[in-house]
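Working through the structure, step by step
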Amino acid sequence: LHMGNASVGLKYKMWRIFADGQYTGWRYTDDFGRKLPAFFVANCGVGYQFDFEHHKLDITLSSNNVLNADYQNERYYAMPGRSFLLSLKYDLNIDL
């Protein structure tokens, strides 16, 4: 019946770090009074941006559900555990 979110991000020169969390309290799943338990999910990541003469390369490593919480958004449908994502973004900075 309760939910809350929080996030924070810091940037220093070409580095950035970020984290967020979501708390979801217990909630009813049907008209028979069955409940799902409360849970907390945290995500975080770090990134770096390389500046070339006319281009930029951004590399980010992030983790979802970093605490590996075991939870369900809907009854009998388990959500994924900890996962990692490496992303690359290349900005060509071309004027068309």
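See above for the structure.
Residues numbered from 1 in each chain as written. Predicted model: local features only at pLDDT ≥ 70, side-chain atom pairs only at ≥ 80, totals over all residues. Heavy atoms only, no water.

Helix and strand counts for the protein chain stand at 0 helices and 9 strands. For the protein chain, the sequential pattern of α-helices and β-strands runs β-β-β-β-β-β-β-β-β. When burial is assessed residue by residue, the protein chain has 20% of its 96 residues classed as buried. The contacts in the protein chain between residues at least 6 apart in sequence include a share of 40% that link residues at least 24 apart. Summing over all exposed atoms, the protein chain offers an accessible surface of approximately 7700 Å²; the carbon and sulfur share of this is 59%. The distance from the centre of the 10 positive side-chain charges to the centre of the 10 negative ones in the protein chain is 8 Å. (Helix = DSSP H or I, 4+ residues; strand = E, 2+ residues; numbered from the N terminus. Buried < 20%, exposed > 50% of the residue type's maximum accessible area, 1.4 Å probe, protein only. Contact = heavy atoms within 4.5 Å. Areas by Shrake-Rupley, 256 points an atom, 1.4 Å probe, with all protein chains shown as cover. Lys, Arg positive; Asp, Glu negative; His and termini not counted. Charge placed at Lys NZ, Arg CZ, Asp CG, Glu CD.)

The next thing to look at is unusual backbone geometry. Its identity is not glycine, yet Asn 68 carries a phi of approximately 55°, on the positive side. Positive phi, normally seen in glycine, also occurs at Tyr 76, with a value near 70°. Tracing the backbone shows Tyr 76 in the loop between strand S7 (72-74) and strand S8 (77-78). The class for Tyr 76 is exposed, based on a relative accessible area of 64%.

Two side chains of opposite charge can pair, provided their charged atoms sit close to one another. Across all of its chains, the model carries 3 salt bridges by this definition. Linking Asp 58 and Arg 16 is a salt bridge whose minimum nitrogen-to-oxygen distance equals 3.0 Å. Of this pair, Asp 58 sits in strand S6 (residues 56-64) while Arg 16 sits in strand S2 (residues 15-24), placing them 42 residues apart in sequence. The partly exposed category is assigned to Arg 16, whose relative accessible area is 25%. Overlapping salt bridges, with partners in common, bring together Asp 30, Arg 34 and Arg 75 in one network. (Salt bridge = Lys/Arg side-chain N within 4 Å of Asp/Glu carboxyl O.)

Assignment of secondary structure puts Asn 65 in the loop between S6 and S7. Among the polar contacts listed, one links the side chain of Asn 65 to the backbone nitrogen of Ala 69, at a separation of 2.8 Å. Excluding residues within four positions of it along the chain, Asn 65 makes contact with Val 41, Ala 42, Asn 43, Tyr 71, Pro 80, Gly 81 and Arg 82. (Polar contact = N/O pair within 3.5 Å; in protein donor to acceptor, adjacent residues only side chain to side chain.)

Attention shifts here to the packing of aromatic side chains. The tally for this structure, following the rule as stated, stands at 4 aromatic pairs. Here Tyr 48 and Phe 50 contribute two aromatic rings whose centre-to-centre distance is 4.7 Å and whose plane-to-plane angle is 65°, an arrangement assigned as edge-to-face. For Phe 50, a relative accessible area of 33% corresponds to the partly exposed category. Among the aromatic residues, those joined into a cluster by ring pairs are Trp 15, Tyr 48 and Phe 50. (Phe/Tyr/Trp six-rings, centres within 6.5 Å; stacked < 30°, edge-to-face > 60°.)

Strand order in this open sheet of 5 strands is S1-S2-S5-S6-S9, and the pairing throughout is antiparallel. For this open sheet the edge positions go to strand S1 (3-12) and strand S9 (83-91), each flanked by a neighbour on one side alone. On average, adjacent strands in this sheet sit at an angle of 10° to one another, irrespective of strand direction. Where strand S5 (residues 39-51) lies against S6, 8 bridges are found, and the strand directions are antiparallel. If you follow Tyr 48 over to S6, its bridge partner there is Ile 59. (Pairing = 2+ DSSP bridges. Axes fitted to C-alpha atoms, helices over the stretch in contact; angles between N-to-C directions.)

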